[in-house]
Amino acid sequence: MTDFEAWARLSLWEQADLLVSTAEIVIDRPAGSAHPKVRSFVYPLDYGFLRDTQGGDGEGIDVWVGSAAVPVVSAVACTVDLVKRNSEVKFLWRCSPGEIAMVERFYAPQPQAAVMVRRPS
């Protein structure tokens, strides 16, 4: 069986887990740091990107990193940004339910719209 055939049998969540777990996570906005353009937006968790990947903005896929023990993609934030005129998917890696709620609150006051898709139990 080829890698392609094996990958085709994986669910979206399993593929996301494999993508994140095999990529280098680069944290460029640590928890507690302010957004570089809008200082009132403070990152509640470590935030960065997956090196050597490509997201909706042409840069590395964005990732939030939580503290849960289980190494899985806990949720996906789907965003639409009218200012940047783009849409992105952001992985929430190892995030507890409380940490997922923190990320939701981070996006709530922003001009970009976000919906959180939680991993089914």
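Residues numbered from 1 in each chain as written. Predicted model: local features only at pLDDT ≥ 70, side-chain atom pairs only at ≥ 80, totals over all residues. Heavy atoms only, no water.

Engineer: Would you mind showing me how to read the overall build of the protein chain here?
Structural biologist: When helices and strands are tallied, the protein chain shows three helices and six strands. Counting helices and strands in the order they occur from the N terminus, the protein chain gives α-α-β-β-β-β-β-α-β. Relative to the compact-globule value of 14 Å for 121 residues, the protein chain shows a C-alpha radius of gyration of 14 Å, a close match. Across its three principal directions, the C-alpha atoms of the protein chain cover 50 × 30 × 25 Å. The burial tally for the protein chain puts 36% of its 121 residues in the buried class. Within the structure as shown, the protein chain displays about 7,200 Å² of accessible surface, and the carbon and sulfur contribution to it stands at 57%. Charge-centre separation for the protein chain: the mean point of 12 positive side chains lies 7 Å from the mean point of 15 negative side chains. (Helix = DSSP H or I, 4+ residues; strand = E, 2+ residues; numbered from the N terminus. Rg over C-alpha atoms; globule rule 2.2 N^0.38 Å. Buried < 20%, exposed > 50% of the residue type's maximum accessible area, 1.4 Å probe, protein only. Areas by Shrake-Rupley, 256 points an atom, 1.4 Å probe, with all protein chains shown as cover. Lys, Arg positive; Asp, Glu negative; His and termini not counted. Charge placed at Lys NZ, Arg CZ, Asp CG, Glu CD.)

Engineer: Would you take a moment to explain the nonpolar core for this structure?
Structural biologist: Grouped burial of nonpolar side chains is what soluble globular proteins tend to show. Judged by nonpolar contacts, the single largest core of 14 residues is most densely connected at Trp64, Leu92, Ile100, Val103, Phe106, Tyr107 and Met116. At the level of secondary structure, the elements contributing two or more residues to this core comprise β4 (73-81) and α3 (97-107). Sorting elements by how many residues they give to this core places α3 first, with four residues. Aside from chain neighbours lying at most four places away, what touches Val103 is Pro44, Leu45, Trp64, Leu92 and Met116. In terms of nonpolar packing, the next biggest core, distinct from the first, is built from twelve residues, Ala16, Leu50, Ile61 and Val73 among them. (Core = buried A, V, L, I, M, F, W, Y, C linked by side-chain atoms within 4.5 Å. Contact = heavy atoms within 4.5 Å.)

Engineer: I'm lost on the sheet that holds strand β2 (residues 46-50) in this one. Help?
Structural biologist: Strand pairing in a sheet is mediated by backbone hydrogen bonds. Such pairs are either parallel or antiparallel. An order of β1-β2-β3-β5-β4-β6 is seen for the six strands of this open sheet, with the pairing classed as mixed. Two strands lie at the open edges of the sheet, namely β1 (25-29) and β6 (113-118), each paired on one side alone. Each strand of the sheet is rotated relative to its neighbour by a mean of 30°, with strand direction disregarded. In the sheet, β2 pairs with strand β3 (residues 61-65) via five bridges, with the strands oriented antiparallel. When the sheet's bridge partners are listed, Gly48 is paired in β3 with Val63. Running over the sheet, α3 touches β2, β3, β4, β5 (86-93) and β6 and is turned about 165° from β6. (Pairing = 2+ DSSP bridges. Axes fitted to C-alpha atoms, helices over the stretch in contact; angles between N-to-C directions.)

Engineer: Would you take a moment to explain unusual backbone geometry for this structure?
Structural biologist: Apart from glycine, the bulk of residues carry a negative phi angle, and the bulk of peptide bonds sit in the trans form. Even without being a glycine, Arg85 presents a positive backbone phi close to 60°. In this fold, Arg85 is placed in the loop between β4 and β5. The class of Arg85 is exposed, set by a relative accessible area of 73%. Located in the positive-phi region is Arg94, a residue other than glycine, with phi close to 60°. Structurally, Arg94 is set in the loop between β5 and α3. Note on Arg94: relative accessible area 28%, which makes it partly exposed.

Interpretation in functional terms is not warranted from these geometric data alone.
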